[in-house]
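# What the coordinates show
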Amino acid sequence: MRRYEADILVIGTGGAGLYAAIRAADGGGRVYVRDKGLIGRGGSTVGGAGVSAVGPWSKPGDNANVQFRDTVIGGAYLNDQPMVRILVEEAQQRIVEMESWGLKFDRGPDGRYVLDQAGGHSYPRVMTISDRVGLQMVKVLRNQARLRQIERCPDVMACRLLIHNGAIAGAIGLDVGVGEVVQVNAPAVVLATGGVGQLYPSTSNPIQNTGDGLALALRAGARLLNMEQVQFYPCGLVHPPSLRGFILGIQEYAALYNSEEERFMARYEPELLEHTTRDRLARAIFTEIVEGRGTAHGGVYLDATDVPKETFLSFQHEYEVARDRGFDMQLVRLEVAPAAHYFMGGVAIDISGCASVPGLYAAGEVSGGVQGGNRLSGNSLAEILVFGARAGAHAAGYARGAIRPTPEQAQAAEVEREIRGLVNRRNGRLTPSQGKQRLRRLMWQYAGVIRDGAGLTAARYELIGLEQELLPQISMSGPSLLQNHSLVSYLELKNMITVAQTIVQSALERQESRGAHYRQDFPEEASTPFCIEVTLEGGHLRAARRPPVMSELRPGSGEEGAE
Amino acid sequence: MTSAKTFQVHIQRYDPDREPPCYTQMYQVDFHPSMTVLEVLELIQQDQDSSLAFRSSCRSSKCGTCAVLLNNKPVLACREVLDGGDITLAALPKLPIVRDLVVSQQEREQRLEQIAVEQPRAVALPESKVDYANVSRCIECTICTAACPVGYEMDRMEPRPDLLSSMIGAGIPVSQGEGVPVEGNIDHCSLCLCFNSYSYTQPAKDTVMLLDRLGVHVAVPQQQCCGMPMVGNGDLDGARRRAEANLASFLPWLEQGYDVVAACTTGSLMLKEEYTGTLGLRAAEALASRAYDLGEYLRILVEDGLLELSKLKPVPERMSYHTPCHLKAQRIGKPFVELLERIPGMQIEVLDTICCGLSGSYGLKNEKHDLSLAVGQHLLDALAQSQPDLAVSECGPCQLRMRRGTGLPTKHPVSILWQAFDEDPLCHGVQK
């Protein structure tokens, strides 16, 4: 087993991880960066289309206070308000810094930034670089990491966080790039592993988003926050299979039909029809499907054939991608269903990115608190810049003052034994991918867009079944660990089951409907907002309520009704 | 059996622990319309063989990690739609294979880090020439480098295409003022083809310097690959598109009385014969009639008395010259040899050699490499026999083969001429 010594270990290299690594290096620490895929290529950031920020460029009337209010009201008061305050105040500093590093936002003929209007925002404040601001961000951040010669290694999946005397001591990982189990000793670890979209059959997320960081943090004793808050984008393709989860913005202009040729939104929203909020639209579509009025591939029909040609100019990428697969939406209807899009819950952190275990940090989609119960457009790219930078800087400061932990030999040996025991299990009945399919079907059925107590309870028992009966039936190739994707996929599945259990546990505990969480048996919002924290205690999950930090805005005190 | 149409997927696999490590495995897959290469790989991994290794992430053509070879053509797996015919899949060439379809990006990443750290010398593109809106579309899938015959060795010399766009996209500042001068307005215009623009830029720079000093005004119109790699690989439509773009760009200059000169014998042959012949472009006739190989053009300038070779001093190196096939095809003799031999004391030997073995993009292909080396062995033997200080040829790929095969330094003859000219005190300030 190879061992490395570092001050700060960053796991995950989307925007949040890279920014954390850069700040940690600037803070004087020896930084190690590891990613399950390629560095800066696998995260959700790559697909990001806009970043919301207020600054000297804002429209008259817009400022940090307005963005704060929009974000908290949009988040159904589940947001941690001190974190939201930092988000709206500091995003502009990160924007300026990113530009000094070579990012070039779109500007109009007058030289001013182009600002787009987006849902839930009172003013146009989403900055773009055509449709690829996320892609450009990771390019610039990757380059800054190179300039600092930060040690970065792809193809490493973190398997366990090391704990010594109650504090972080590093991590054990599986390096499939060289085919070895590796140990990184470090007093500070930053988790930046992204969201959980892969727990659902249809998602816009990259294949790596299997919730690994959440499972690692939970097992290390950290608290997870509002795990029930999974945002579904109402219209993601369900067919063709290669585009499953591909989300369609043209939805805002199109009409929806069920398999009985009924424009069903007339029943749910007689006046607004498809122009209702995204969560209501998602619930209506979901209901049509589960009540048997869905299409052959488990969706509803999205009809954009009457949408004016010029409207398609704003949706060129999605139009062309679908057309190239033989689905020209100007001519034919497409089959769509809600797709898992963004995860608002996550590792509970404070304003510096510190989790509840000393030395553990989290940033971006893996962390919870900033976005509350619903994320506004552009706020996620802003979050990764602001809180990535904060987590990295704070982790470097912490590592400087920390006592270098004694390397944990015993835990490392245990992980290695476990991994060596897993590979070459060729007699299993299922491949890891087939196991993932089982889990996804279960999550869609019981913990998807619409939930209820009975279904969630059933899910809890079925998940125990997956853990105890399905996992031992998974076959794996081996014995080599070199690019052993079946082993990686198995470890992902294990994490997915753990994270699914926390989502179900949290969803059972939230006996109300708030944000992205809808309970058929409790369709109303509770009068007082509360957060749910899930922990692992003595091998059992425990969910507990606590009030959100409402330092500035309380329900009823502000002009609500933005929705 | 189901009635679904199935097709065969042959995957060239690699397992370093196996003997032999390279082997081809066939899978039978059910076909459905709109099926992509990535979907095929996922289905095999899910239902037939979980040991199959390949990379992917976003599934929507943004992360650039899933590039593979489909029937020998580099493609993005998530984007390439299949038609139901049997296919062969293999790892992307030019990068080290780790397992099956997974290649290592480490070397590329190290090179990018080196460029980032040493940035001022790394890129020699004037900022005004950088099309940020376009280059920022690059997703760094490296398909361009996999597909480009010229990109073969670039990573060891100058930035190769994928590295260049990575750097520009990442905000690495491009140099101000460096690069080839681009303005001019009297009687001449030069086409410096891609090998000289991207891979070994020295000949292009020396060409412009020399012509400029001789009083010839040089313009470098916007241009693309001449199209020869596509002709060589049967993609005549692709070649025609490039030819048409180049024509559109050069015709206004021809109308103003400019001649067209190529510093690469492949380029000059293409302009003179292939645009009108193989590609059948009538509109290229005007271009063909005014196109010159650089050596041929310099020979005219010498005849016109613009350059007195007898007054120049020789360079000290002993040189062996290899004649490019594309020069032979032009039937204009060996103009550069004639010119260099007229400089008193210049030590240049013309090798009696045929094809260097690379033969366009042929020898750059992995599967043709061994045969290509065998074809070119006589050239390497001839150089070993002559033991010159320097190997000389107008053709970039010929130089590549000579340099790689023998370790000798190589030069384009225009660089020798420029060196002789530039070092002669009598010539300084003669015209300019």
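Calculation criteria
- Residues numbered from 1 in each chain as written.
- Chains lettered and ligands numbered in written order.
- Predicted model: local features only at pLDDT ≥ 70, side-chain atom pairs only at ≥ 80, totals over all residues.
- Helix = DSSP H or I, 4+ residues; strand = E, 2+ residues; numbered from the N terminus.
- Buried ≥ 20, exposed ≤ 12 C-beta atoms within 10 Å, placed from the backbone.
- Contact = placed C-beta atoms within 7 Å.
- Axes fitted to C-alpha atoms, helices over the stretch in contact; angles between N-to-C directions.
- Parallel < 35°, antiparallel > 145°, perpendicular 65-115°, else oblique.
- Left-handed = near helix turned anticlockwise from the far one by under 90°.
- Nonpolar A, V, L, I, M, F, W, Y, C, P; charged D, E, K, R; others polar.
- Domains from an automatic or database assignment.
- Pairing = 2+ DSSP bridges.

## Some points on the overall build of chain A
- The helix and strand inventory of chain A stands at 13 helices and 21 strands.
- A principal-axis box enclosing the C-alpha atoms of chain A has dimensions of 65 × 60 × 50 Å.
- Per-residue burial over chain A gives 58% buried out of 563 residues.
- In chain A, 75% of the contacts between residues at least 6 apart in sequence involve partners at least 24 apart.

## Describing the packing of helix 12 (residues 453-470) of chain A against helix 13 (residues 485-509) of chain A
All names here are of chain A.
- Taken N-terminus to C-terminus, the directions of helix 12 and helix 13 make an angle of 160°; their axes are 10 Å apart at the nearest point. With respect to each other, helix 12 and helix 13 are oriented roughly antiparallel. As for how helix 12 packs across helix 13, the hand of that crossing is left-handed. Here helix 12 contributes Gly 453, Leu 456, Thr 457, Ala 459, Arg 460, Leu 463, Leu 466 and Glu 467 to the contact with helix 13, which in turn contributes Ile 497, Ala 500, Gln 501, Val 504, Ala 507 and Leu 508.
- Residues that form the contact of helix 12 with helix 13 fall into these classes: nine nonpolar, three polar and two charged.

## Regarding the domain arrangement of chain B
- What the domain assignment lists for chain B is domain 1 (6-102), domain 2 (106-169), domain 3 (188-300) and domain 4 (308-427).
- Look at where the C-alpha atoms of domain 1 of chain B and domain 4 of chain B centre, and you get two points 42 Å apart.

## Describing the interface of chain A and chain B
- Tallying the contact residues gives 47 residues for chain A and 39 residues for chain B.
- Elements supplying a minimum of two residues to the side of chain A that touches chain B: helix 4 (133-147), helix 8 (316-324), helix 11 (432-446) and helix 13 of chain A.
- In terms of residue count, the dominant contributor to the side of chain A that touches chain B is helix 4 of chain A (eight residues).
- Broken down by class, the residue content of the side of chain A that touches chain B amounts to 19 nonpolar, 20 polar and eight charged.

## Looking at unusual backbone geometry
Residue and element names in this part refer to chain A.
- Each neighbour pair has its own omega, and for His 239 with Pro 240 the value is 0°, a cis peptide bond.
- Here Pro 240 is to be found in the loop between strand 13 (230-237) and strand 14 (255-257).
- Put simply, Gly 478 and Pro 479 share a cis peptide bond, and its omega is 10°.
- Tracing the sequence through the fold places Pro 479 in the loop between helix 12 and helix 13.
- The backbone phi angle of Ala 76 is positive, close to 55°, even though this residue is not glycine.
- Tracing the backbone shows Ala 76 in the loop between helix 2 (64-74) and helix 3 (81-100).
- The exposure class of Ala 76 is buried, given the 23 C-beta atoms found within 10 Å.

## Some details on the sheet that holds strand 19 (residues 367-368) of chain A
Residues and elements named next belong to chain A.
- Sheet architecture is open: five strands sit in the order 19-17-12-20-21, paired in mixed fashion. Every other strand in the sheet has two partners, leaving strand 19 and strand 21 (540-546) as the edge strands with one partner each.
- Packing against the sheet, helix 13 makes contact with strand 12 (224-225), strand 20 (531-537) and strand 21, and its axis sits at approximately 40° to strand 21.

## Digging into the sheet that holds strand 5 (residues 115-116) of chain A
Residue and element names in this part refer to chain A.
- One open sheet holds the three strands; their spatial order is 4-6-5, and the pairing between them is antiparallel. With one partner strand each, in any of the chains shown, strand 4 (51-52) and strand 5 form the two edges of the open sheet.
- Sheet topology places strand 4 next to strand 6 (residues 126-127); two bridges connect them, and they run antiparallel. The residue of strand 6 that forms the bridge with Ser 52 is Val 126.

## Remarks on helix 13 (residues 294-303) of chain B
- Residues of helix 13 of chain B that are buried include every one of Leu294(B), Gly295(B), Glu296(B), Tyr297(B) and Leu298(B), and no others.
- Of the residues one or two after helix 13 of chain B, Gly305(B) is the one with positive phi, at around 85°.

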